[in-house]
Amino acid sequence: MNIVVYPYSAEQSYIKAYRELFNYNIVRFMCCNGILPVNFENCANEICTFNDYSEGRIQSGDFETFCIIDKVPDENELYRIAEYMCSNGKDIICTEEEYLPQIRGICENYQVKLLEIDYETVKIAEKNWNNTSEILNIDVPIVAVMGIGQNVQKFNLQLYLRKNFINKGYKVSQIGTKKISALYGFHSLPDFLFNNEYSDIDKVYALNRMIKNISIEEKPDVILLGIPDSIIALNNKHRFSFGLYAYEMFNAVQPDFVITSLMANEDYNDDFYAEISEMAKYKYNVNIDAYFVSQFCPISNSVWSEKLTYGYLPHLKIPESRYMVYSAEDLKENSFFEQVERKLLLYGKYEQF
């Protein structure tokens, strides 16, 4: 199936960087509000705007499906584009639930398909574990990716690890932090984690059983686990989830390698890394093995606003550190992955005796 994905900007750069992992053939990446991206890799033959289609500069005969992969800054534009696509016989994939009612209505009006994707790819069994207080041991190495702040490129890291493990011949099971995970062929985080169906204690047991079942049924060599939201608050205005999701997940499983992604900043030093490492150890009982400095940080005048807006830093100069610290440039090569692999292999070596 040939598709056009929308929206596309620096925040969705993962979709282009790891397109070979995507379930469908992406022919173009559509940007928002008629604005082409700046300060990162651009390809004129693949990156477009809605105006390129509506004004006839690009014909729509080379794809069958329009795919909405993320939240958009302008819902009116989204519905305008969806109507145009449906009127031209294109089917729709939409990963964002809040847009589905209106998108479904547009599809029905033009008699095209709203393609259903099963984002709840892991089914949790009935609560037959309620009568036990045991946390089951997971016998497969687990690599966890967590973040300080939102929009810190955790999903980029998850796809980077997936690509490299697969390329080295490992069998990978994965639970990702975005609904779009299903379109990359792996599990998204289960819905029960975010609703009130289970108590917080029940969620820990459910997560533990779910990941245990994955390890038994899929028999992977490694499990990659994305931790949702931020592990700490930004300020009193933006508390995120108070780190509760991370607390639940790290009580359900103990990872063998932990990567922490940070907001863009060139001023991090060893005192900062030491403080974060100590916080993670005593709050979540995990040891941070590596840090990743993302290319996004909140714009200062939005920090106390209702909604955060982010600036994009295409190039970062990371100071020398005694900690393992990486940036987006390191995702273009294998040294970061090799550090992860080396530690997991070391565990395996010692477990043989």
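Just above sits the structure.
Cut-off values and rules
As a convention, each chain's residues are numbered from 1 in the sequence order in which they are written. Under the rules for a predicted model, residues below a pLDDT of 70 receive no local features and side-chain atom pairs below 80 are neither given nor counted, while totals for whole chains, interfaces and linings still include all residues. Heavy atoms from the whole structure form the basis of all side-chain values; hydrogens and water molecules are not counted. Buried residues are those whose accessible area, probed at 1.4 Å on protein chains only, stays under 20% of the maximum for their type, while exposed residues exceed 50% and partly exposed ones sit between those limits. Working definition: helices are DSSP H or I runs of at least four residues, strands are E runs of at least two. Numbering for both runs from the N terminus. Two strands are said to pair when DSSP picks up at least two bridges between them. Pairing of aromatic rings covers Phe, Tyr and the six-membered ring of Trp, with a centre-to-centre limit of 6.5 Å; geometry is then stacked below 30 degrees between planes, edge-to-face above 60, and tilted otherwise. Note that the arc is defined by the directions from the helix axis to the C-beta atoms. Should any heavy atoms of two residues lie within 4.5 Å, those residues are counted as being in contact. Here the axes come from fitting lines to C-alpha atoms, over the contacting stretch only for helices, and the angles between their N-to-C directions go from 0 to 180 degrees. As used in this record, nonpolar core signifies buried Ala, Val, Leu, Ile, Met, Phe, Trp, Tyr and Cys residues forming a set joined through side-chain atoms within 4.5 Å. Each angle gets one of four labels, with under 35 degrees taken as roughly parallel, over 145 as roughly antiparallel, 65 to 115 as roughly perpendicular, and the rest as oblique. In this scheme the handedness of a crossing depends on how the near helix is turned from the far one: anticlockwise by less than a right angle means left-handed, clockwise means right-handed. Amino acids outside the nonpolar list (Ala, Val, Leu, Ile, Met, Phe, Trp, Tyr, Cys, Pro) and the charged list (Asp, Glu, Lys, Arg) are all regarded as polar, and Gly is one of them.

Colleague: Help me out: how do you make sense of the pairing of strand β9 (residues 222-226) in this one?
Modeller: Along a regular strand, successive side chains alternate from one face of the sheet to the other. Among the 5 residues of β9, 5 are classified as buried, and the element is accordingly described as predominantly covered. Of the two faces of β9, the one holding V222, L224 and G226 and the one holding I223 and L225 are both buried throughout. Summarising the sheet, strand β6 (residues 142-147) and β9 pair through 4 bridges and their orientation is parallel. Residue V145 lies in a different strand from β9, and its bridge partner there is G226. Summarising the sheet, strand β7 (residues 172-176) and β9 pair through 4 bridges and their orientation is parallel. Bridged to Q174 within β9 is L224.

Colleague: I keep staring at the packing of aromatic side chains and nothing clicks. Help me out?
Modeller: Each aromatic ring pair is summarised here by two numbers: the centre-to-centre distance and the angle between the ring planes. One pass over the full model with this rule turns up 25 aromatic pairs. Pairing Y53 with F63 gives two aromatic rings, centres 5.7 Å apart and planes at 70 degrees, and the pair type is edge-to-face. Highlighted residues: Y53 in helix α2 (residues 50-54) and F63 in the loop between α2 and β4 (65-68), separated in sequence by 10 residues. Summarising the aromatic geometry, the rings of F296 and Y312 are spaced 5.2 Å apart at their centres and angled 50 degrees between planes, so their arrangement reads as tilted. Linking F296 in strand β12 (residues 296-298) with Y312 in strand β13 (residues 310-312), this pair joins segments that are 16 residues apart in sequence.

Colleague: Would you explain helix α4 (residues 100-110) in this entry?
Modeller: Residues three or four positions apart in an α-helix share a direction because the helix packs 3.6 residues into each turn. Within α4, burial applies to L100, I103, I106 and C107. On an axial view of α4, the arc spanned by its buried residues comes to 125 degrees, and they lie on one face. In α4, the exposed positions that point more than 90 degrees away from the buried face belong to P101, E108 and N109. Close packing links the buried residues of α4 with β4, α3 (75-87) and β5 (91-94). Where α4 ends, the next residue or the one after it, Q111, has phi of about 55 degrees, a positive value.

Colleague: When you look at the sheet that holds strand β8 (residues 187-188) in this model, what are you seeing that I'm missing?
Modeller: Sheet strands pair via backbone hydrogen bonds, and the direction of the pair is either parallel or antiparallel. Taking strand neighbours across the sheet as the criterion, the 7 strands line up as β8-β7-β9-β6-β10-β11-β14 in an open arrangement whose pairing is parallel. Single-partner strands in this sheet number two, and they are β8 and β14 (325-327). Sheet topology note: the β7/β8 ladder contains 2 bridges and is parallel. Bridge pairing in β8 places I175 opposite H187. Set on the sheet, helix α8 (residues 270-284) makes contact with β6, β10 (257-262), β11 (290-293) and β14; between it and β11 the angle comes to about 120 degrees.

Colleague: Any chance you could explain the nonpolar core here in plain terms?
Modeller: A general feature of soluble globular proteins is that nonpolar side chains tend to end up buried together. One finds M146, I211, L225, I227, F250, Y273 and Y291 to be the most contacted residues of the largest nonpolar core, which totals 46 residues. Residue assignment for this core shows that the elements contributing at least two residues are β6, α6 (200-218), β9, α7 (244-252), β10, α8 and β11. With 6 residues, α6 is the largest single contributor of residues to this core.

Colleague: Explanation requested: the packing of α6 against α7 in the structure shown.
Modeller: Packed helix pairs are specified by the crossing angle of their axes together with the interaxial distance, meaning the distance between the axes. In the contact formed by α6 and α7, the axes pass within 8 Å of each other and the chain directions differ by 50 degrees. The angle between the axes of α6 and α7 places the two elements in the oblique class. Where α6 crosses over α7, the two elements pack in a sense that is right-handed. Two secondary-structure elements touch here, α6 through D200, K203, V204, L207 and N208 and α7 through E248, M249, N251 and A252. When the residues that make up the contact of α6 with α7 are grouped by side-chain class, the tally is 4 nonpolar, 2 polar and 3 charged.

Colleague: Can you help me understand the sheet that holds β4 in this one?
Modeller: Read from one edge of the open sheet, 5 strands run β3-β2-β1-β4-β5, paired in parallel fashion. Strands with a single pairing partner mark the edges of an open sheet, and in this sheet they are β3 (47-48) and β5. Looking at chain direction, β4 and β5 are connected through 4 bridges and run parallel. Residue pairing across strands places T65 opposite D91, the latter belonging to β5.

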